[in-house]
Amino acid sequence: MSLLQLQNLAQALEHQDSGLVDVTGHVTEISATSFRVDGLTPFLRLGDRIEIVGNDAGMGEIVRIDGDGAVVKPFASRIEIGLGARARVAHRVTLQPDASWRGRIIDALGLPIDGRGPLAQGATPMPIDAEPPNAMQRARVTEKIATGIRAIDVFTPLCAGQRLGIFAGSGVGKSTLLSMLARAPGFDTVVVALVGERGRELREFIEEALGAARNTAVVVAATSDESAMRRRLAPRTAMAVAEYFRDQGQSVLLIIDSVTRYAHAARDVALAAGEPAVARGYPPSVFSDLPKLLERAGPGLEGGGSITGVFSVLVDGDDHNDPVADSIRGTLDGHVVLSRAIAEQGRYPAIDILGSISRLSHHVWSPEQRALVMRLRTLVARYEDTRDLRLMGGYQAGADAELDQAVLAVPKLYNALNQLPHSPSSTDGFRDLAEALRAQ
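Here we summarise the structure given alongside this text. As the structure is a prediction and not an experimental result, all values here were calculated from the model.

**Regarding the overall build of the protein**
Point 1. What the protein contains, in helices and strands, is 13 helices and 19 strands.
Point 2. Viewed in the frame of its principal axes, the protein has a C-alpha envelope of about 100 × 45 × 40 Å.
Point 3. Carbon together with sulfur atoms contributes 50% to the accessible area of the protein, which is approximately 20,100 Å² in total.

**Regarding the pairing of strand E14 (residues 217-222)**
Point 1. In terms of residue burial, E14 counts as a mostly covered element, since six of its six residues are buried.
Point 2. Going residue by residue along E14, you find Ala217, Val219 and Ala221 tucked away on one face and Val218, Val220 and Ala222 tucked away on the opposite face as well.
Point 3. Of the strand pairs in this sheet, strand E8 (residues 105-106) and E14 are connected by two bridges, and their pairing is parallel. Opposite Ile105, over in E14, you have Val219 as the bridge partner.
Point 4. Sheet topology places strand E13 (residues 189-195) next to E14; six bridges connect them, and they run parallel. Paired with Val192 across the strands is Val219, a residue of E14.

**Topic: the pattern of salt bridges**
Point 1. Scanning the model with the defined rule gives 26 salt bridges in all.
Point 2. In this structure, the salt-bridge partner of Lys174 is Asp257, at a minimum N-O distance of 3.4 Å. Here Lys174 is found in helix H3 (residues 174-182), whereas its partner Asp257 is found in strand E15 (residues 251-257), with 83 residues between them in sequence. Comparing Lys174 with Asp257, the two get one shared label, buried.
Point 3. Notably, a salt bridge pairs Arg375 with Glu402, separated by 3.1 Å at the nearest N-O pair. Of this pair, Arg375 sits in helix H10 (residues 367-385) while Glu402 sits in helix H12 (residues 401-417), and the two are 27 residues apart along the sequence.
Point 4. Salt bridges sharing common partners tie together Arg138, Arg163, Glu295 and Asp333.

Here is what the cut-offs are and how they apply
All residue numbers refer to positions counted from 1 along the written sequence of the respective chain. Local features in this predicted model are restricted to residues of pLDDT 70 or higher, and side-chain atom pairs are both shown and tallied only at a pLDDT of 80 or more, whereas totals for entire chains, interfaces and linings draw on every residue. Think of the side-chain values as coming from all heavy atoms in the structure, minus any hydrogens and water. Secondary structure counts use DSSP, requiring at least four H or I residues in a row for a helix and at least two E residues in a row for a strand, with both numbered from the N terminus. Residue-level accessible areas treat just the shown protein chains as cover; the underlying method is Shrake-Rupley with a 1.4 Å probe. A 1.4 Å probe rolled over the protein chains alone gives each residue an accessible area, and that area as a share of the maximum for its type sets the label: buried under 20%, exposed over 50%, partly exposed in between. By definition, two strands form a pair when at least two bridges between them are found by DSSP. For this document, the term salt bridge refers to a Lys or Arg side-chain nitrogen within 4 Å of an Asp or Glu carboxyl oxygen.

So far we have only geometry, and geometry alone does not tell us how the molecule works.
Here it is in structure tokens:
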């Protein structure tokens with residue numbers, strides 16, 4: 001058979017699954033985090049899956065293709081294959097979510113891990129890497145969502161279809177705040193992606209944090225001991241599930257904890273593919289993957305459902321100018337900053353109201369509410385700027401009228417914003433603040 005005939009045969013068989021011909025390659029190189037497959041190059045595309053014949057643990061995704069072969073990152077945390085093992089192309093990861101998935105816990109590949117039997121498969125396949133809705137056909141974001149958290153409802157109000165970031169260092173109360181948001185009324189379905197979390201925290205979050213919202217939630221989990229491929233895949237799986245419910249006309253709350261660990265996993269994959277590190281160890285593709293993921297959340301088509309995205313961002317070393325944090329902040333519609341200094345004072349949620357902002361607050365505040373919020377921010381700024389002066393005894397009542405007002409009002413404001421996870425939800429944050437400020 002001539003070379004031309006072989007090439008024509010290869011084109012005819014490319015990505016075909018007739019069952020008559022089984023096209024396989026073989027493993028030629030194995031490292032600690034990836035392996036190489038030769039003999040399948042004409043049939044491959046980036047993102048395709050590879051499976052090892054006779055070894056279910058050998059499944060992986062192609063992250064690099066060259067003239068000699070392809071580099072594959074496995075979904076398993078350990079590579080238990082040998083040189084010469086036969087490999088073949090498998091279908092890309094797709095999901096077929098169903099309404100019955102609410103209340104279930106799945107892994108990054110969409111398989112159940114809650115011990116409650118197989119998942120029902122819906123009629124509509126949802127791609128893991130779908131494109132966002134057309135920008136000109138998307139609905140506007142204008143409808144307020146009451147979270148029941150006074151600090152957010154007053155100072156950084158949330159709208160249906162908004163994308164909000166929670167920026168915090170470790171141990172500042174990020175997961176606790178996310179659990180309070182997960183119980184917010186006004187959402188039909190909650191989708192939670194736990195990426196790189198400690199294994200023990202999975203049941204704690206589901207059984208304690210979600211509470212009554214558990215029956216309306218779909219949880220996608222990829223714990224810290226799982227492979228980088230699964231941790232990179234889990235947020236995209238959660239996004240595909242959220243898109244299914246959005247397409248059903250529902251108002252969906254999507255929580256991803258955390259996007260930083262997704263970026264870490266994407267970095268591991270990109271480095272294995274041979275990309276150079278350009279910004280604090282992050283390859284360029286990480287900064288293109290982040291907006292691709294985040295832009296999929298938001299409002300759907302006009303008249304349809306929406307995905308309200310809440311993305312936690314773990315700032316390494318409390319550095320809010322970290323390249324990943326900076327890139328995410330520029331993509332989202334607002335950010336809430338949690339301060340370690342506030343947490344050390346015992347004020348929870350430890351929200352820095354001066355450093356937090358909602359870019360859609362103008363859709364929510366009335367002119368009077370806007371004026372009040374700006375005035376309260378001014379008083380808080382004055383109060384914090386003079387903290388050292390007051391501690392040294394340099395403050396005298398009556399010398400500065402605005403400072404006198406700040407000293408009187410800001411401690412009451414802080415007390416009003418203090419809210420524990422199991423405290424009653426606020427139904428009207430502005431009314432609660434007014435009552436607190438009027439108190440003697």
